[in-house]
Every structure is written in C-alpha cells, then in structure tokens.
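Architecture and fold: a report
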Amino acid sequence: MSYKISIIGGGSSTFTPQLMRLFIGSELLQGSTICLMDIDKHRLDVMTKLSNRLIEKTGSDLKIEATTDRQEALVDVDFVITAIAVGGWRAWEKDIEIPAKYGVYMPVCDSVGPGGIMRAFRHIPVLVDMIKELEELSPKAWVFNYTNPVPTNCMAMAREAKRVKVVGLCTCSSIPGRADYLANWAGVEPNEIIVPAPAAGINHCAAILELKLKDGRDAFPLIRKNVKNPVIRFFLDTYNILPYCWSHWTEFFPFLCKLEEEYKGRLQGLRMNYGIRVHDMHEQQEKIAKWEKLVKDMAAGIKDISLDVLPKGEAILVVKIMESIIENKNEIYVVNVPNRGAIENLPYDAIVEVSSVVGGYGAIPMHVGKLPEPIAAFLTNHVAAHKLTVEAALTGDKDIAYQAFVQDPQVAAKLRPEEIKKLLEELLNAHADYLPQFFEK
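Residues numbered from 1 in each chain as written. Predicted model: local features only at pLDDT ≥ 70, side-chain atom pairs only at ≥ 80, totals over all residues. Heavy atoms only, no water.

Section: the overall build of the protein
Put simply, the test is: Numbering of helices and strands runs from the N terminus, with a helix taken as a DSSP run of H or I at least four residues long and a strand as a DSSP run of E at least two residues long. Radius of gyration here uses only the C-alpha atoms, and the compact-globule reference equals 2.2 Å multiplied by the residue count raised to the power 0.38. Buried, partly exposed and exposed residues are distinguished by accessible area as a fraction of the type maximum, computed with a 1.4 Å probe on protein chains only: under 20%, between the cut-offs, and over 50%, respectively. Note on definitions: a residue-residue contact is assigned when non-hydrogen atoms from the two residues lie within 4.5 Å. With residues, only the protein chains shown are counted as cover, and all accessible areas are computed by Shrake-Rupley using a 1.4 Å probe. Lys and Arg are tallied as positive, Asp and Glu as negative. Neither His nor the chain termini are counted. By convention, charge coordinates are those of NZ in Lys, CZ in Arg, CG in Asp, or CD in Glu.
What the protein contains, in helices and strands, is 16 helices and 12 strands. Radius of gyration (C-alpha) of the protein: 21 Å, near the 22 Å computed for a compact globule of 441 residues. Overall size of the protein, expressed as C-alpha extent along the three principal axes, is 60 × 60 × 45 Å. Looking at the 441 residues of the protein, the share that counts as buried comes to 56%. Intrachain contacts of the protein at a sequence separation of at least 6 include 68% that bridge at least 24 residues. Carbon and sulfur atoms form 50% of the exposed surface of the protein, whose accessible area is close to 18,500 Å². Averaged over its 50 positive side-chain charges, the protein has a centre that lies 3 Å from the centre of its 56 negative ones.

Some words on empty space enclosed by the protein
In this approach a probe as big as a water molecule rolls over the atoms, and the regions it shows empty are the leftover space. For clarity, the threshold we go by: Both cavities and pockets are sets of points on a 1 Å grid over the protein atoms alone; in a cavity a 1.4 Å probe fits but cannot get out, in a pocket the set is open with protein on both sides within 12 Å along at least five of seven lines, and lining residues sit with an atom within 4 Å of a point. Grid points are joined across faces, edges and corners, and a volume is the space filled by probe spheres set on the points. Polar here means any residue outside two lists: the nonpolar Ala, Val, Leu, Ile, Met, Phe, Trp, Tyr, Cys and Pro, and the charged Asp, Glu, Lys and Arg; Gly therefore counts as polar.
Going through the model one piece at a time under the given rule, you end up with 4 cavities of 30 Å³ or more. Space inside the largest cavity adds up to approximately 70 Å³. For the lining of the largest cavity, the secondary structure elements donating two or more residues are α5 (113–137) and α13 (373–395). In terms of residues, the lining of the largest cavity owes the most to one element, α13, which gives 4 residues. Residues of the lining of the largest cavity, tallied by class, amount to 5 nonpolar, 6 polar and 1 charged.

Some remarks on unusual backbone geometry
With glycine set apart, most residues show a phi of negative sign, and most peptide bonds adopt trans. Of note, the bond from N148 into P149 is cis; its omega dihedral lies within 30 degrees of zero at -5 degrees. Relative to the assigned elements, P149 resides in the loop between β5 (142–145) and α6 (150–160). Cis geometry is adopted by the peptide bond preceding P196, which originates at V195 and carries an omega value of 0 degrees. Structurally, the position occupied by P196 is in the loop between α7 (179–186) and β7 (199–202). Phi at H204 is positive, roughly 70 degrees, even though this residue is not glycine.

A short note on the packing of aromatic side chains
Rules: Side-chain rings of Phe, Tyr and Trp (the six-membered ring for Trp) are treated as a pair once their centres are within 6.5 Å; stacked means planes under 30 degrees apart, edge-to-face means over 60, and tilted covers the remaining angles.
A complete count under the given rule lists 16 aromatic pairs for this structure. Centre to centre, the rings of Y105 and Y263 are 5.4 Å apart; their planes meet at 45 degrees, and the pair counts as tilted. On the criterion of sequence distance, the pair formed by Y105 in the loop between α4 (88–101) and α5 and Y263 in the loop between α10 (246–252) and α11 (281–300) is long-range, its members being 158 residues apart. A relative accessible area of 22% means that Y263 is categorised as partly exposed. Seen in terms of ring centroids, F234 and F235 are 4.9 Å apart; in terms of plane orientation they differ by 80 degrees. Their pairing is edge-to-face. You can call F235 buried: its relative accessible area is 0%. Three or more aromatic residues joined by ring pairs form one cluster here, namely F234, F235, Y239, W249, F253, F255 and F378.

Some remarks on the nonpolar core
The following threshold applies: Put simply, buried Ala, Val, Leu, Ile, Met, Phe, Trp, Tyr and Cys residues joined by side-chain atoms within 4.5 Å make one nonpolar core.
One finds F23, F121, L134, F144, V318 and F405 to be the most contacted residues of the largest nonpolar core, which totals 131 residues. Here this core takes 10 residues from α5, the largest share from any one element. Apart from the residues lying within four places of it in its own chain, the contact partners of F23 are I5, I7, L29, Q30, I34, L62, I81, V319 and M322. Counting residues in each nonpolar core, the second largest holds 27 residues, with C170, I175, L242 and Y244 among its members.

Section: the side chain of T67
Positionally, T67 belongs in strand β3 (residues 63–67). Ignoring anything within four residues of it in the chain, the contact list for T67 reads C35, L36, M37, D38, L44, E72 and A73.

Description of the environment of W249
Structurally, the position occupied by W249 is in helix α10. For the pair W249 and I343, spaced 94 residues apart in sequence, the C-alpha separation works out to 19 Å. Setting aside residues no more than four positions away along its own chain, W249 makes contact with H204, C205, A206, A207, F235, I241 and P243.

Topic: the state of the cysteines
So the rule is basically this: Count a disulfide wherever a pair of cysteine sulfur atoms falls within 2.5 Å.
All chains considered together, the criterion is met by 1 disulfide. Across the disulfide, C172 is cross-linked to C245 (sulfur-sulfur distance 2.3 Å). Linking C172 in the loop between β6 (165–168) and α7 with C245 in the loop between β9 (242–243) and α10, this pair joins segments that are 73 residues apart in sequence. There is no split in this pair, since C172 and C245 are both buried. With no disulfide partner, C205 has as its closest neighbouring cysteine sulfur the one in C245, 9.2 Å distant. Left unpaired, C257 is separated from the closest cysteine sulfur, that of C109, by 8.0 Å. Here C257 falls in the buried class, since its relative accessible area comes to 3%.

Notes on the side chain of K4
This is how the line gets drawn: Criterion for a salt bridge: a side-chain nitrogen of Lys or Arg within 4 Å of a carboxyl oxygen of Asp or Glu. Any N or O atom pair separated by 3.5 Å or less is treated as a polar contact, with the protein-specific requirement of one donor-capable and one acceptor-capable atom, and with residues adjacent in sequence counted only for side-chain atom pairs.
The topology assignment puts K4 in strand β1 (residues 4–8). Here K4 occupies a buried position and makes no salt bridge, while the nearest side chain of opposite charge, E65, is found at 4.5 Å. A polar contact of 2.8 Å, which involves the side chain of K4, links it to the backbone oxygen of V75.

Right under this line is the structure:
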C-alpha cells in the first residue's frame, strides 16, 4: 500500500536529506509519494533535485512531488511532517538579542522565555490554518510536528483538530530508547540496559523516571558515579530523575541559566554556565551554507550522490512511528501529546512529553504516575504560560501576551513589570511582518 507524506518546510537542507534517507530505508513506505512543500522556491528546487537523484541512485520505489502551495500538499495526504521556521534565522536572532538588551540571557531561545513565546506567536497561526485545511482536505491525516516550541504549537493545533491527529516529536525524545546513549552514561554495555525507559515532562524539560539493567539493578547509582555533568547530577541527586535533554533544562530554570562572559551588546556566541555557548547565527549560517553547497553539488551532479554523506537521522523517529501506526505495532515511543492523566500531577490538558504506545489507534500516553512534586509545580507554571501564549497567538490580544510574558519564569525572575511591557512591545514591533494578528485591529 502506498502513502502520501508531505513535508511542510521541505526545502530544509538539513532536515529533508535526513528524512529522505529514512524514507528510502523503509521497506514499508516503498511506493509512496513524498511531497516537499516550501515557500522558498529555490531551496525547494534544490531539495527536489537531490531527492530525485537519491531515489534514482538507490533504486527506491518512491515518487517526489514539490509545491509552494500548501493546500496542494495537503490534498489526500496520509502523514504531514511540519518543520517550518517563520522568519528564518533573522527572526531567531532577534529572539536572542532583543531580550538580552533587558538582561534576559538565554542560549537557544526556541522553547521558553521571550524568544520561545515570540516563536510561538509566529508559528501558531500558520500551523492552525494548516490544521483547518487538513480538516477539509484530509481529515484522516496524521500531523507530526517538529517545529518549536513543540508544546504550544501542538496545544494550538490540538484545539483546532477534530479528526486530524497531532503528535509532537523532538530529536531529544529519542534518548530514552537509545541503549548506546544511556549505557555510556551508566558505564555499561548497551545490551545491559532495558529500553525504552519511562519518561515524562514537557518538551525540552522531560526526564527518565527510572532506568534498569537487565539483571535488575538500578542504573541511576551507576550514572551518579560516571556522569560529571553538574546539571544531570543536580537533578539526579535532588529529585532522583535523569534529565536527558539537560542543556535545554537550563533555560527552564533561571538559577541554572547564567552568563559567564561580559555582555557588550551582542549575546550570540558568549559563554554561559556548564560549558554552554549562546547559539550564534554566524555559525548557523556557515553550517547551513556548507551543507547547502554539498546538497546543491550532489543535486547538480558535481559530487557523487550517496546516502553515505547524509546524516543517518538516528534521532529522527518519525518514520519508525509511521511504520508502527501502519502495522499496528503498539511500540513505545516518547512523544508529545495531551496529558489526560498520564502524568498525575501535571494539568490534564497540558501537552506533555511522555512514554506512549503508538499503533493503529493512535499515540496513547502511558500512565507514568507522578513527577517529583517540586518539578511538577515548576512545569505547571510553564504549562500556564503555554496556555496564555496560545490564546495570545490566536487572538492577537496584547494584554494576554503580556500575561504570558509575566508567567514565564525567566522573565519574572529578571524584569520589573514596566520592563516586561517595554520588551514585549519591542519584540512585537520587531516581528510585525509575521504577526498581523497583533496589529491589524
């Protein structure tokens, strides 16, 4: 049986090649159509040529379609993968640098804090419009969202979806199922670890709740002996949980997010605590340019086409998840879905990252019990910020946007109310081209 799989943001020179490698490697998806959709026609053309060359070289039974029309990509589609970046790296740069002027220093700014909220304001209207179109064009479709911030984006889409099924994915959430990764932390062989390990939290701030060896031993004491990372050690020692995406955790907890170099008007590239450096768009552009040249040369026939030069995409689980749905495998994956009581002490309607059974009936969150109460209390505060962010993004209400900023722990820890209002206005004005909902009234 063949399927139509559409990648919204299919011109990505980093994400799409990894996906193509995974599609080509899937026997179950042979005969399917991969539709690449992007508003950037040049990048779309490059990815289309590359994908067709890869298919030709490998003899894969896949068909490539390409379009700049989103609705065309959504007609009769079975699976949709979203990987968009409204405003691109220039918008991301503003998300980093404008809050820094006010003393809010964060290394990534794509999940929480002022940058995470602004990214949600840009993405949510686009993604919700897509869901509305899918409800009309392909109501049985699955949406797998990789676009950050995952919780708020998925919360907004889930509100609109009546029949379409929405699941949030992240490369970090592959870690609870990776025996090699966890065995390295524990100092044992991969075949000694029981995976997947139960996990719970919210995206970029989720933890492994327990980890066992096949002989029955608890692996946490072994990790305490072997892991030198102070963030991992802090949460293990204090709460007996293992933060598997530890660098992102620092953005959720203001006391873990400190600048170690003097700020002189540009935050990007500066050193923060725990060996983390602030994401630098100059380096980002260099990496993208290097990768795009390789892809362009391969697509043009200047370099030999080969899967060997493409990233293996080991942390991208979307193809395995598709296969589990199609064949009703009922396999366990850590995904982002509505809580519905799976994590007892987080809000019922929160979007949580949690171990889930994935099969023909959907992605059903497993009951994992309670998080440590202090962690649950802190994450509940973030969930409140998520709800306000979604409401503001959909209504364009600046008062609710202000409330979302006030609710965010990073903002609340560092700014006075009048400073928060000033920061919000500056960010809204800086991104005005992508935020008509806040200005058209």
